[in-house]
Amino acid sequence: MADTYPAFDISPVPVPALDAEAPELFHGLYGMPMFVTVATADLAESVHFWTRGLGFFDLFTVPGQLTHLRRWAFQDVLLVPGDHPAETPAQTVSFACVPTQLDEIASACERLTPGCTTGPRQMPWNSTELEIRTPENTRVVMTAARPYDPSGPEAEFLRSIGITAPDA
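Predicted model only: the values in this text are computed from it and were never measured.

1. Re the pairing of strand 4 (residues 76–81)
Okay, so step 1: In this structure, strand 1 (residues 36–40) lies alongside strand 4, joined through five bridges in parallel fashion. Bridge pairing links Thr 40 to Pro 81 in strand 4.
Okay, so step 2: Joining the antiparallel neighbours strand 3 (residues 66–70) and strand 4 is a turn of five residues, in which Phe 74 adopts a positive phi near 75°.

Here's what the structure looks like:
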(Lines give C-alpha, C1' and ligand atoms only; values in the text may rest on other atoms or scores of the structure.)
Protein backbone atom coordinates (compact mmCIF):
# COMPACT_ATOMS: atom_id res chain seq x y z
CA MET A 1 0.00 0.00 0.00
CA ALA A 2 1.68 3.17 -1.18
CA ASP A 3 -0.96 5.65 0.01
CA THR A 4 -0.78 7.20 3.43
CA TYR A 5 -3.68 8.92 5.08
CA PRO A 6 -4.88 9.89 8.54
CA ALA A 7 -6.21 6.58 9.81
CA PHE A 8 -8.37 7.88 12.65
CA ASP A 9 -11.44 6.68 10.73
CA ILE A 10 -10.39 3.02 11.24
CA SER A 11 -9.04 3.43 14.76
CA PRO A 12 -10.97 3.61 18.03
CA VAL A 13 -8.45 6.21 19.26
CA PRO A 14 -9.92 9.73 19.02
CA VAL A 15 -8.08 12.61 17.40
CA PRO A 16 -5.77 14.15 20.05
CA ALA A 17 -7.50 16.81 22.13
CA LEU A 18 -7.41 17.68 25.82
CA ASP A 19 -11.18 17.14 25.97
CA ALA A 20 -11.27 14.06 23.72
CA GLU A 21 -13.93 11.55 24.69
CA ALA A 22 -13.06 7.90 25.15
CA PRO A 23 -14.85 5.46 22.87
CA GLU A 24 -17.18 2.94 24.44
CA LEU A 25 -15.86 -0.44 25.51
CA PHE A 26 -16.04 -2.74 22.48
CA HIS A 27 -17.99 -5.97 22.94
CA GLY A 28 -17.96 -7.12 19.30
CA LEU A 29 -15.96 -9.97 17.80
CA TYR A 30 -13.14 -9.54 15.27
CA GLY A 31 -9.88 -11.10 14.19
CA MET A 32 -7.44 -9.66 16.72
CA PRO A 33 -4.55 -7.95 14.89
CA MET A 34 -2.59 -7.81 18.15
CA PHE A 35 -2.97 -8.93 21.74
CA VAL A 36 -0.76 -9.47 24.74
CA THR A 37 -0.65 -12.61 26.88
CA VAL A 38 0.15 -12.06 30.56
CA ALA A 39 1.05 -14.96 32.85
CA THR A 40 -0.19 -14.59 36.42
CA ALA A 41 0.17 -16.64 39.60
CA ASP A 42 -3.29 -15.48 40.74
CA LEU A 43 -5.77 -15.28 37.86
CA ALA A 44 -8.63 -13.92 40.00
CA GLU A 45 -6.48 -11.15 41.53
CA SER A 46 -5.19 -10.11 38.11
CA VAL A 47 -8.69 -10.07 36.57
CA HIS A 48 -9.88 -7.93 39.50
CA PHE A 49 -7.03 -5.41 39.04
CA TRP A 50 -7.28 -5.17 35.24
CA THR A 51 -11.07 -4.71 35.35
CA ARG A 52 -11.46 -2.50 38.44
CA GLY A 53 -8.23 -0.52 38.00
CA LEU A 54 -7.43 -0.36 34.30
CA GLY A 55 -10.98 -0.32 32.96
CA PHE A 56 -10.98 -3.59 31.00
CA PHE A 57 -13.93 -5.98 30.99
CA ASP A 58 -14.07 -9.78 30.95
CA LEU A 59 -14.99 -10.67 27.36
CA PHE A 60 -14.96 -14.35 28.28
CA THR A 61 -13.33 -16.78 30.70
CA VAL A 62 -12.35 -20.41 30.41
CA PRO A 63 -12.26 -21.24 34.15
CA GLY A 64 -8.76 -21.97 35.40
CA GLN A 65 -7.25 -21.59 31.91
CA LEU A 66 -7.57 -18.01 30.65
CA THR A 67 -9.51 -14.79 30.81
CA HIS A 68 -9.85 -12.66 27.68
CA LEU A 69 -10.01 -9.00 28.67
CA ARG A 70 -10.83 -6.06 26.43
CA ARG A 71 -11.09 -2.29 26.66
CA TRP A 72 -11.47 -0.42 23.37
CA ALA A 73 -11.45 -2.23 20.03
CA PHE A 74 -8.02 -3.79 19.44
CA GLN A 75 -7.00 -3.54 23.11
CA ASP A 76 -7.05 -7.22 24.05
CA VAL A 77 -5.26 -9.01 26.90
CA LEU A 78 -5.23 -12.72 27.65
CA LEU A 79 -4.52 -13.52 31.30
CA VAL A 80 -3.24 -17.08 31.74
CA PRO A 81 -2.02 -19.09 34.75
CA GLY A 82 1.75 -19.11 35.13
CA ASP A 83 4.72 -17.54 36.84
CA HIS A 84 7.47 -15.26 35.61
CA PRO A 85 10.90 -16.30 36.85
CA ALA A 86 12.20 -13.66 39.28
CA GLU A 87 15.20 -12.94 37.04
CA THR A 88 12.97 -12.19 34.03
CA PRO A 89 12.03 -8.53 33.71
CA ALA A 90 8.35 -7.75 33.58
CA GLN A 91 6.89 -7.07 30.15
CA THR A 92 5.64 -3.65 29.13
CA VAL A 93 2.46 -2.99 27.19
CA SER A 94 0.98 0.39 26.27
CA PHE A 95 -2.67 1.26 25.72
CA ALA A 96 -4.16 4.45 24.29
CA CYS A 97 -6.53 6.46 26.42
CA VAL A 98 -7.72 10.06 26.49
CA PRO A 99 -6.30 12.73 28.83
CA THR A 100 -9.41 12.86 31.01
CA GLN A 101 -9.04 9.15 31.89
CA LEU A 102 -5.52 9.33 33.35
CA ASP A 103 -6.39 10.59 36.84
CA GLU A 104 -9.38 8.23 37.09
CA ILE A 105 -7.25 5.20 36.17
CA ALA A 106 -4.48 6.27 38.57
CA SER A 107 -6.96 6.67 41.44
CA ALA A 108 -8.65 3.33 40.76
CA CYS A 109 -5.33 1.47 40.59
CA GLU A 110 -3.99 3.18 43.74
CA ARG A 111 -7.15 2.18 45.65
CA LEU A 112 -6.51 -1.44 44.66
CA THR A 113 -2.71 -1.49 45.08
CA PRO A 114 -1.22 1.58 46.78
CA GLY A 115 2.07 2.69 45.21
CA CYS A 116 1.51 0.92 41.87
CA THR A 117 1.40 4.06 39.70
CA THR A 118 3.90 6.63 38.47
CA GLY A 119 2.71 9.85 36.86
CA PRO A 120 0.92 10.96 34.86
CA ARG A 121 3.73 12.88 33.25
CA GLN A 122 4.13 14.77 30.00
CA MET A 123 6.52 13.15 27.53
CA PRO A 124 8.55 14.92 24.83
CA TRP A 125 6.82 12.91 22.08
CA ASN A 126 3.53 14.79 22.67
CA SER A 127 1.75 12.45 25.05
CA THR A 128 0.90 12.28 28.72
CA GLU A 129 1.62 8.87 30.25
CA LEU A 130 0.68 6.98 33.38
CA GLU A 131 2.72 3.91 34.37
CA ILE A 132 1.08 1.12 36.37
CA ARG A 133 2.60 -2.08 37.82
CA THR A 134 -0.02 -4.83 37.89
CA PRO A 135 -0.14 -7.66 40.46
CA GLU A 136 1.74 -9.95 38.04
CA ASN A 137 4.43 -7.24 37.60
CA THR A 138 3.44 -6.20 34.09
CA ARG A 139 4.35 -2.59 33.35
CA VAL A 140 1.25 -1.01 31.75
CA VAL A 141 1.59 2.44 30.21
CA MET A 142 -1.64 4.32 29.60
CA THR A 143 -0.76 6.95 26.99
CA ALA A 144 -2.90 9.94 26.02
CA ALA A 145 -1.94 11.93 22.93
CA ARG A 146 -2.04 15.69 23.24
CA PRO A 147 -3.00 18.17 20.51
CA TYR A 148 -0.06 19.04 18.29
CA ASP A 149 1.31 22.56 18.76
CA PRO A 150 3.82 23.35 15.96
CA SER A 151 5.47 26.04 18.12
CA GLY A 152 5.62 23.95 21.31
CA PRO A 153 8.58 22.15 22.90
CA GLU A 154 7.31 18.74 21.76
CA ALA A 155 7.32 19.89 18.13
CA GLU A 156 10.88 21.17 18.56
CA PHE A 157 11.90 17.83 20.05
CA LEU A 158 10.34 15.94 17.15
CA ARG A 159 12.08 18.19 14.61
CA SER A 160 15.39 17.71 16.45
CA ILE A 161 15.21 13.95 15.90
CA GLY A 162 14.19 14.30 12.25
CA ILE A 163 10.44 13.85 12.51
CA THR A 164 8.37 16.43 10.71
CA ALA A 165 4.71 16.91 11.41
CA PRO A 166 2.19 19.15 9.72
CA ASP A 167 2.22 22.72 10.98
CA ALA A 168 -1.56 22.76 11.23
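There's more to say after this.
2. Quick word on the nonpolar core
Okay, so step 1: Grouped together as the largest cluster of nonpolar side chains are 24 residues, with contacts concentrated most on Trp 50, Leu 54, Val 77, Phe 95, Ile 132 and Met 142.
Okay, so step 2: Only strand 1, helix 1 (43–52), strand 4, strand 5 (92–97), helix 2 (102–112), strand 7 (127–133) and strand 8 (139–145) provide two or more residues apiece to this core.

3. Regarding the packing of aromatic side chains
Okay, so step 1: Inspection of the entire model under this criterion finds five aromatic pairs.
Okay, so step 2: The interplanar angle of 40° and the centroid separation of 5.6 Å between the aromatic rings of Phe 26 and Tyr 30 together place this pair among those described as tilted.
Okay, so step 3: Ring centres of Trp 50 and Phe 56 lie 5.3 Å apart, and the angle between their planes is 75°; this geometry places the pair in the edge-to-face category.
Okay, so step 4: Classification of Phe 56 as buried rests on a relative accessible area of 3%.
Okay, so step 5: A network of ring pairs unites the aromatic residues Phe 26, Tyr 30 and Phe 74 as a single cluster.
Okay, so step 6: The residue whose ring lies beneath Arg 71 is Trp 72, and the NZ or CZ to ring-centre distance is 4.8 Å.

Rules used throughout
- Residues numbered from 1 in each chain as written.
- Predicted model: local features only at pLDDT ≥ 70, side-chain atom pairs only at ≥ 80, totals over all residues.
- Heavy atoms only, no water.
- Pairing = 2+ DSSP bridges.
- Helix = DSSP H or I, 4+ residues; strand = E, 2+ residues; numbered from the N terminus.
- Core = buried A, V, L, I, M, F, W, Y, C linked by side-chain atoms within 4.5 Å.
- Buried < 20%, exposed > 50% of the residue type's maximum accessible area, 1.4 Å probe, protein only.
- Phe/Tyr/Trp six-rings, centres within 6.5 Å; stacked < 30°, edge-to-face > 60°.
- Lys NZ or Arg CZ within 6 Å of the ring centre and 35° of its normal.

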